[in-house]
Amino acid sequence: VQLQASGGGLVQAGGSLRLSCAASGSIFSINGMGWYRQAPGKQRELVATITSGGSTMYADSVKGRFTISGEKGLNTVYLQMSSLKPEDTAVYYCNADLRPIIGRSRAYWGQGTQVTVSS
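Residues numbered from 1 in each chain as written. Predicted model: local features only at pLDDT ≥ 70, side-chain atom pairs only at ≥ 80, totals over all residues. Heavy atoms only, no water.

Visitor: I'm lost on the nonpolar core in this one. Help?
Guide: Inside soluble globular proteins, nonpolar side chains tend to come together where they are buried. Ranked by size, the top nonpolar core spans 33 residues in total, and within it M33, W35, L79, M81 and Y92 carry the most contacts. When residues of this core are traced back to their parent elements, those giving at least two are strand 1 (2-6), strand 3 (17-24), strand 4 (27-38), strand 5 (45-51), strand 7 (66-71), strand 8 (76-81), strand 9 (90-100) and strand 11 (113-118). Per element, the largest residue contribution to this core is 5 residues, and it comes from strand 9. Excluding residues that lie within four positions of it along the chain, M81 makes contacts with G15, S16, L17, L19, R65, F66, Y92 and V115. (Core = buried A, V, L, I, M, F, W, Y, C linked by side-chain atoms within 4.5 Å. Buried < 20%, exposed > 50% of the residue type's maximum accessible area, 1.4 Å probe, protein only. Helix = DSSP H or I, 4+ residues; strand = E, 2+ residues; numbered from the N terminus. Contact = heavy atoms within 4.5 Å.)

Given below as structure tokens:
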């Protein structure tokens, strides 16, 4: 199972970016997907999640600015980020709670993608 994240970059404050995360491999089912971020010197924190039923949850710091969505049964998940602030600067990680064809459901992580917001 692999999670491939993409879409990070450098943007000015007030700008927008869209992150993508594609899940591939021997997947039986995906229970939910999410985005986390980790800024330098800080712990990794939850940004947004989406379940297979379409329920979403957001960190208070991004509510109203970020939107998580998915397609193809959550095999691909997006994080649309708008009104970006310098404090959104971090490495963003894709996370999946999924069941592989062989084995139990567990969490998988993608590689991080850097988001830098300049003031």
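Visitor: Which parts of the structure should I look at to understand unusual backbone geometry?
Guide: A negative phi holds for most residues other than glycine; trans holds for most peptide bonds. In this structure, L74 takes a positive phi of about 70 degrees despite not being glycine. Tracing the backbone shows L74 in the loop between strand 7 and strand 8. Under the relative-accessibility criterion, L74 is labelled buried at 6%. Positive phi values are uncommon outside glycine, yet S83 reaches one of about 50 degrees.

Visitor: What is the right way to read the pattern of salt bridges from this model?
Guide: Scanning all chains against the criterion turns up 4 salt bridges. Here R37 ties to E45 by a salt bridge, and the two come within 2.7 Å at their closest N and O atoms. Judged by its relative accessible area of 35%, E45 is partly exposed. A salt bridge links D60 to K63, with the nearest nitrogen and oxygen atoms 3.1 Å apart. (Salt bridge = Lys/Arg side-chain N within 4 Å of Asp/Glu carboxyl O.)

Visitor: How do you make sense of the state of the cysteines when you look at a structure like this?
Guide: What is meant by a disulfide is a covalent connection between two cysteines, made through their sulfur atoms. For the structure on display, the rule yields 1 disulfide. Note on cysteine connectivity: C21 is disulfide-linked to C94, with sulfurs 1.9 Å apart. Looking down the S-S bond of the C21 and C94 bridge, the torsion is -80 degrees, so its handedness is left-handed. Here C21, found in strand 3, pairs with C94, found in strand 9; they are 73 residues apart in sequence, far enough to count as distant. For the pair C21 and C94, a shared accessibility class is recorded, and that class is buried. (Disulfide = S-S within 2.5 Å.)

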